[in-house]
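Residue strings, one per chain:
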Amino acid sequence: MLFCCEMAHIELGGKGGTANMATDFSKNAEERPEPCTADVKGNIPSWLQGTLLRNGPGIFTVGDTSYDHWFDGMALMHSFNFKDGEVTHRSRFLRSDTYKANMAANRIVVSEMGTMAYPDPSKNFIVKAITFLNHTVPDFTDNGASNFIKYGNDYYATSETNYIRKIDPVTLETQDKVDYMKFLPVNMASSHPHYDKEGNAYNIGTSIAEKGKTKYMLFKVPAVSEKDKDKNVPALKNVEVVCTVPCRSLLTPSYYHSFGMTENYFILIEQPFKLDILKMATAYMRGVNWASCLKFCPEEKTLIHLIDRKTGKEIETKYYTGAMVVYHHVNAYEDDGHVLFDVIAYNNSSLYDMFYLSKLKKNPGFHDDSYSKPNYRRFVLPIHSDPGIAVGEDLVKLKYTTASAVKEKEGKLMCQAEVLCEGFELPRINYGINGKRHQFVYGNCVEESALSKQIAKLDTETKKMVYWSEDNCWPSEPVFIPRPNGEAEDDGVVLTSVINTNPGQSCFILILDARTFKEIARAYVKAELNKDVHGFFIPQGMFDKRTRMNPTLHIWEESWTWKHWNLTYVPPGKMAVISEPDNPADSRRTVGGSWFLNVHSLLTVLRLCVFKNFMALFHVDYSWDKVLQGQLMFIK
């Protein structure tokens, strides 16, 4: 990957105690591509239907060569499918071009951010010359080992280069290689896009020296249109550039890993953590890796860009704060003429260096005196700055935060954040309220080191935390899943995959009640779980008609798919229609055939069940024993 600083939740793979931890960092994982049912302890909520995907490095050694940095490892994807109280697990290596080239050569031949690959000494001059040219103008890796992105109806494994790899979210098979640069001129892009309720995706990329200018490019990938829904074309073909922001320096663009979005604004942090393009071009010749071309400039201020989503124009006010390094935005929202955004921030850039494998092997306890503990910071940006306000006055008028934005000369605002807590990383919220004011955040506790042995739920109003931990267990980034039709912000569950190093015990996926943060259930998998990076949950209804499912008992709400049968739920007073796309002539039946159903009231929420060889439409107030007693109308 280009550079993906997800260090705050490194988990250890394999079995054994502390003495074995150091060697496990460079241990190659094994894939388990065939689905295997996990052993469930407890009761998984019946409404939890869908698949949690997780992504991270899995191969660190090829032949006699090894990667230098943990994040350089080749991607291993995990899938945890939740259906009817059961969990099925599988894993598969991403068959990227990087993977294929390395395996074919039986050595690492594709460079990553922290590992420069050099040709076999036995190769001739021409091969060495071509390798040199490829590194002078880098053609980056497609080893997407950071996260998953959804564009249109497709899912992609991603890092931060210009390449993403389409995958099958059910089988985890690798599909098309997609190059951002065929659709818009970005050399690298974030692996943390945002999504709106219409299914549009928003992301940001960096365009380096394009037409003599280096700029940050915010773009929108629209949801699949009616005319394209049956076509096998990448959603990126309809990409729209929302706005461009000039970089402060032509050849040293700022590194970013994520950005913020509210209903009306984008927030981009241009931090003094920079990528030196000239040094990157000469890195191969100088015998250093590309990561060495990143530099932190603590003497410089951080510039915060506030961009109007409707106009694509930057707000005239210039917002600054002190030097910092941010990888993860938590959320952003608007309140009474202010934009508030929460981030996890570090005081320096030392974190990346802690994950060189040579350093991890020397430091089995993972304690490092140079560790820079992050803190959770809330910034407040007054949207409008009155020219009549005196220099030195704080423009923040909100009573519930201590964050400030003090006017300086030339109308600049110097922003000071409120610190909500320390030692907290990999934040996740109920994404249903993304862009709006939130109260709860879920994340990993990293008080003493970047190795997380504990996850927590933070109440941003009371500043209190509740925790989950277990001896000799390392939980991944926690992912919040909302209960369908839930009203409270924390009405749902939290999922985390757990490395279990207790002798004789298996690794497991943990399900916590998001309200109480107490365990509801866990599912022990019949495989070792490796350290990973990010997770992406796909609700059952998000799979399209090509999704593979077993013809057993299922329940869906609002929208669902079973084989080639589709039901569309429409608002009260409209019509709910069952159709068979493979046989359009049968898609319209008489009332006697029950293919049409009038929905008369808000209380009439339809569900569909498949029971034996029948399909039954019923209201939510019917119980399962009534279904078994045949008290419902069946559609033959």
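Note that the structure is a prediction, hence the values are computed from the model and not measured. (Residues numbered from 1 in each chain as written. Predicted model: local features only at pLDDT ≥ 70, side-chain atom pairs only at ≥ 80, totals over all residues. Heavy atoms only, no water.)

### Focus on the pattern of salt bridges
Then comes step 1: Applying the stated criterion to the full structure yields 27 salt bridges.
Then comes step 2: Between E447 and K373 there is a salt bridge, and its shortest N-O distance comes to 3.2 Å. Of this pair, E447 sits in the loop between β30 (440-445) and β31 (454-459) while K373 is found in the loop between α5 (357-362) and β25 (375-382), placing the two residues 74 residues apart along the sequence.
Then comes step 3: The exposure class of E447 is partly exposed, given its relative accessible area of 43%. (Salt bridge = Lys/Arg side-chain N within 4 Å of Asp/Glu carboxyl O. Helix = DSSP H or I, 4+ residues; strand = E, 2+ residues; numbered from the N terminus. Buried < 20%, exposed > 50% of the residue type's maximum accessible area, 1.4 Å probe, protein only.)

### Observations concerning the sheet that holds strand β17 (residues 260-261)
Consider a sheet: its strands pair through backbone hydrogen bonds, and that pairing is either parallel or antiparallel.
Then comes step 1: Spatially, the 6 strands line up as an open sheet ordered β17-β18-β21-β22-β27-β26, and their pairing is mixed. With one partner strand each, in any of the chains shown, β17 and β26 (404-407) form the two edges of the open sheet.
Then comes step 2: Strand direction decides the pairing type here: β26 and strand β27 (residues 413-416), joined by 4 bridges, are antiparallel. Within β27, the position partnered with S404 by the bridge is Q416. (Pairing = 2+ DSSP bridges.)

### What to know about the packing of aromatic side chains
Then comes step 1: Under the criterion given, the structure shown has 23 aromatic pairs.
Then comes step 2: On the numbers, 5.5 Å between centres and 80° between planes, the contact of F140 with W290 is edge-to-face. With F140 in the loop between α3 (125-136) and β8 (147-151) and W290 in the loop between α4 (277-286) and β20 (294-296), the pair connects residues that are 150 residues apart, well separated along the chain.
Then comes step 3: Classification of W290 by relative accessible area gives buried; the value is 3%.
Then comes step 4: With a centroid separation of 5.2 Å and an interplanar angle of 15°, the aromatic rings of F341 and F379 are classed as stacked. With F341 in strand β24 (residues 338-346) and F379 in strand β25, this residue pair connects regions lying 38 residues apart in the sequence. The pair F341 / F379 is uniform in exposure class, with both members buried.
Then comes step 5: Through successive ring pairs, a cluster of aromatic residues spans Y151, Y156, Y180 and F219.
Then comes step 6: Above the face of the F440 ring, K457 is positioned so that its terminal group lies 4.3 Å from the ring centre.
Then comes step 7: Positioned over the ring face of F508 is R522, at 4.2 Å from the centre of the ring. (Phe/Tyr/Trp six-rings, centres within 6.5 Å; stacked < 30°, edge-to-face > 60°. Lys NZ or Arg CZ within 6 Å of the ring centre and 35° of its normal.)

Purely spatial values, then, with no claim about function.
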